[in-house]
Amino acid sequence: FLSSLSLSLPRAACAAAEPPLRWEPRCRQQLRHLQDGARIAARLPPRLEGRWVSTGCEVRPGPEFLTRSYLFYANRLFKAYQFYYWDPSCREPSYSLVIKGKLRLRQASWITRGATEADYHLHKVGIVFHSQKAMREVASWINQTSGEGCHGFLPPGRTWAPGALYELLSAKTERDCTAALGFAMHELSLVRVEQHYQPVLQPQQSGSRLVEELYLGDIHTEWGERLHYRPTGYQRPLQSAVHHVHPCPACGIIYRADEHHPPVLPLRAQLPMQLSGSWVSTHCEVRPAVLFLTRYFIFHGNNHSWEGYYYHYSDPLCKQPTFTIYASGHYTQGIPSSKVRGGTELAFKVTQARVTPMDQVTVMMLNSSEPGSCGLTSSWGAGVEQDITATNGCLALGIQLPHTEYELFKTEQDAKDRSLLYIGERPTDGSSPDSPDKRPTSYQAPLIQCAGVSGEFSNYVSLKYLGKKDANGSEALKPLPVAFVLFTALLVLRWD
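About the cut-offs
Residues numbered from 1 in each chain as written. Predicted model: local features only at pLDDT ≥ 70, side-chain atom pairs only at ≥ 80, totals over all residues. Heavy atoms only, no water. Helix = DSSP H or I, 4+ residues; strand = E, 2+ residues; numbered from the N terminus. Buried < 20%, exposed > 50% of the residue type's maximum accessible area, 1.4 Å probe, protein only. Areas by Shrake-Rupley, 256 points an atom, 1.4 Å probe, with all protein chains shown as cover. Pairing = 2+ DSSP bridges. 1 Å grid on protein atoms, 1.4 Å probe; cavity = no way out; pocket = protein on both sides within 12 Å on 5 of 7 lines; lining within 4 Å. Points joined across faces, edges and corners; volume = space filled by probe spheres on them. Nonpolar A, V, L, I, M, F, W, Y, C, P; charged D, E, K, R; others polar. Domains from an automatic or database assignment.

Looking at an unreviewed UniProt entry, the chain carries the name APCDL protein, with the source organism given as Rhynochetos jubatus.

In structure tokens, the structure reads:
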């Protein structure tokens, strides 16, 4: 649902309307914080010198579980570690990659606003196995799928040698045996560095501390495409080893690790919890195909229904709204994922949707759509919401109703014991996970729980100015430029 919608729009046509009238204070506060783009500064060109580390266990399509530690030098050389694991908690190391090369920053990206394009050249890639099982498995991949130069990379029966480094790629010998691992460093071809300040909340302390985040290009959701794909979105950001969010239990562990001593992250208990309530974006989010948005979801556990607000923007700070989509429907009871450990599978149905264009480009596009294919013909206006359920969606936006999607989600608690909700990553090609075999194997950026079980929001009204009163005298919000990406719904569920 809406997976292809934003991909079909011109970049300028991406705005937002506002959330429901009765807002939970924490949700209101979080979205206002996101709207305040002045809190974030982006270096152009970005300054990369120093070490950047993962802040937790990352999940890539496949699934692959990993942590990263990248070191950039002033002379443009870099040394990167990628640590791979058997488990989604990053406690059982499988193998580690050591990647050395050179990176040259180029011009600002003309596709992804706010990003810088870069060229990279790999000098060496080495692998260290952390068990006989990992060695046997990787050797099998390489021997079966690699070219002539890689046959016999590791002879059958070779005994695992703890700490031994095996060369996968060498620029000098022109040997490259990395393809069998689905390995590429195309993520280095798209770079963005953001800075913001985190308030210091400890007793007897005041002020704020600098936080720097490094956004690198996204990984294609299809294994067969990742070796050729040139990113237009981002992965989960790395943070500066010096200037990172506090507390960060994983940061120091990953910073001190190397290929012979992979990081083993702290054990985190998975507690049963009720997911009903409200969830909101933690950052202005970026998706492939130049999509910027924020999301707000409400899950009603009593009847397994959900509501979602997708606020689209045309800029990487989510300050210039283009359109908003409201969607609702029902979801099924979830079951543990058989493919992605730690994830839960469910199916959800989208039955209703409303659209609010927020700029003239979107208005013109909708008004020129085929009669009967997207709301009332030639009736669209900026800031005016219209129901598209009666026309079975909106052909111009790629929305089809009713629609069922097969989803993946997980919940976690961060270092501050706040509840996070991860929803399946949208397919890079803009398609929809409309069958079980298309179910995601990785996740989008997390949403944070901003309220528990909420009331029903049946009277949705578009409000435009902070401080304006609605008919009932309730305070309105600013138009929250937010976006709806290729995603649809969420759920409320109890973990057993």
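The helix and strand tally for the chain stands at 4 helices and 25 strands. Looking at the 496 residues of the chain, the share that counts as buried comes to 57%. Counting every atom, the chain has about 21100 Å² of accessible surface; 52% of that belongs to carbon and sulfur.

A few words now on the pairing of strand β11 (residues 208–216). Most of β11 is tucked away, with 7 of its 9 residues classed as buried. With 9 bridges joining them, strand β10 (residues 190–199) and β11 adopt antiparallel strand pairing. Each bridged residue has a counterpart across the sheet, and for Val 191 the counterpart in β11 is Leu 216. Relative to strand β12 (residues 238–240), β11 runs antiparallel, the two being bridged by 2 bridges. Of the residues in β12, the one forming a bridge with Glu 213 is Gln 239.

Turning next to the layout of surface pockets. The volume enclosed by the second largest pocket comes to roughly 830 Å³. In terms of lining, the second largest pocket is formed by 38 residues, of which the most central are Pro 61, Gly 62, Pro 63, Lys 339 and Thr 441. Put simply, the parts of the chain that give the lining of the second largest pocket at least two residues each are β4 (64–72), β5 (77–85), β6 (93–108) and α2 (132–145). Taken together, the residues of the lining of the second largest pocket break down into 18 nonpolar, 10 polar and 10 charged. Built from parts of two domains, the lining of the second largest pocket gets at least three residues from each of domain 1 (41–256) and domain 2 (277–449).

A large share of strand β15 (residues 291–300) lies buried, amounting to 10 of its 10 residues. Side chains Leu 291, Leu 293, Arg 295, Phe 297 and Phe 299 of β15 all project onto a buried face; the interleaved residues Phe 292, Thr 294, Tyr 296, Ile 298 and His 300 project onto the opposite face, where all are buried too. The sheet contact formed by strand β13 (residues 277–281) and β15 spans 4 bridges and is antiparallel. If you follow Val 280 over to β15, its bridge partner there is Tyr 296. Note that strand β14 (residues 285–287) and β15 share 3 bridges and pair antiparallel. For Arg 287, the partnering residue across the bridge sits in β15 and is Leu 291. Bridge analysis of β15 against strand β16 (residues 305–313) gives 9 bridges, and the strand direction is antiparallel. Bridging from a neighbouring strand, Phe 292 pairs with Tyr 313 of β16. From the end of β15 to the start of β16, which pair antiparallel, there are 4 residues, and His 304 there has a positive phi angle of about 55°.

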